[in-house]
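Each chain is listed here by its residues.
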Amino acid sequence: MINSSGHERTNYDFNLIIIPGSSIKLKFCFNEDRINIERVHQIKQHFLNILDQVLKKPEITLLELNYLTDTERHQLLDLFNPAPVEFPKGTIVDLFQEQAAKSAHATA
């Protein structure tokens, strides 16, 4: 037998297949009915980000790993999180009493 091919099938919606050889190849297989291609590209980029960090610093801990891209990190930390909000000081009871004193004659 000189050459053969086959059809791969699993019962999982997403598979990462690592193919060893003179160079390592990664193959992402996914169920297109359940996962869109943009999400697979995002997962691939996250995987490559982690791989890059491990190759640059083999002793890196899991706590130090960051899989997000710079754009995603900016979006999560800066755009999705509004500026810090000042909360009133004191307990709920203190705040309730303060409000009641401000409007002592108002109808509840």
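Treat the numbers as computed from the prediction; the structure is a model and nothing was measured.

### Considering the packing of aromatic side chains
Point 1. A complete count under the given rule lists one aromatic pair for this structure.
Point 2. Between Phe14 and Phe28, the aromatic rings sit 6.0 Å apart at their centres with planes inclined by 50°, giving tilted as the arrangement. Residue Phe14 is found in strand S1 (residues 14–19), and its partner Phe28 is found in strand S2 (residues 25–30); the two are separated by 14 residues along the sequence.
Point 3. Here Phe14 falls in the partly exposed class, since its relative accessible area comes to 29%.

### Section: the pairing of S1
Point 1. Bridging between S1 and S2 involves six bridges; their strand directions are antiparallel. Paired with Asn15 across the bridge in S2 is Cys29.
Point 2. A loop of five residues connects S1 with S2, the two strands running antiparallel in sequence.

### Notes on helix H1 (residues 37–56)
Point 1. Taking 1.5 Å per residue as the helical rise, H1 with its 20 residues ought to reach 28 Å, and the 29 Å between its terminal C-alpha atoms agrees with that figure.
Point 2. Restricting attention to buried positions, one finds in H1 the residues Val40, His46, Asn49 and Gln53.
Point 3. Looking at the buried positions of H1, the neighbouring elements they touch are S1, S2 and helix H2 (70–79).

### Here we look at the side chain of His46
Point 1. Mapped onto the elements of the fold, His46 is located in helix H1.
Point 2. According to the relative accessible area criterion, His46 is buried, its value standing at 12%.
Point 3. Here the side chain of His46 touches Glu72 through a polar contact of 2.8 Å, side chain to side chain.
Point 4. Leaving out residues up to four positions away in the same chain, His46 has contacts with Tyr67, Leu68 and Glu72.

Conventions used here
- Residues numbered from 1 in each chain as written.
- Predicted model: local features only at pLDDT ≥ 70, side-chain atom pairs only at ≥ 80, totals over all residues.
- Heavy atoms only, no water.
- Phe/Tyr/Trp six-rings, centres within 6.5 Å; stacked < 30°, edge-to-face > 60°.
- Helix = DSSP H or I, 4+ residues; strand = E, 2+ residues; numbered from the N terminus.
- Buried < 20%, exposed > 50% of the residue type's maximum accessible area, 1.4 Å probe, protein only.
- Pairing = 2+ DSSP bridges.
- Expected span 1.5 Å × (residues − 1).
- Contact = heavy atoms within 4.5 Å.
- Polar contact = N/O pair within 3.5 Å; in protein donor to acceptor, adjacent residues only side chain to side chain.

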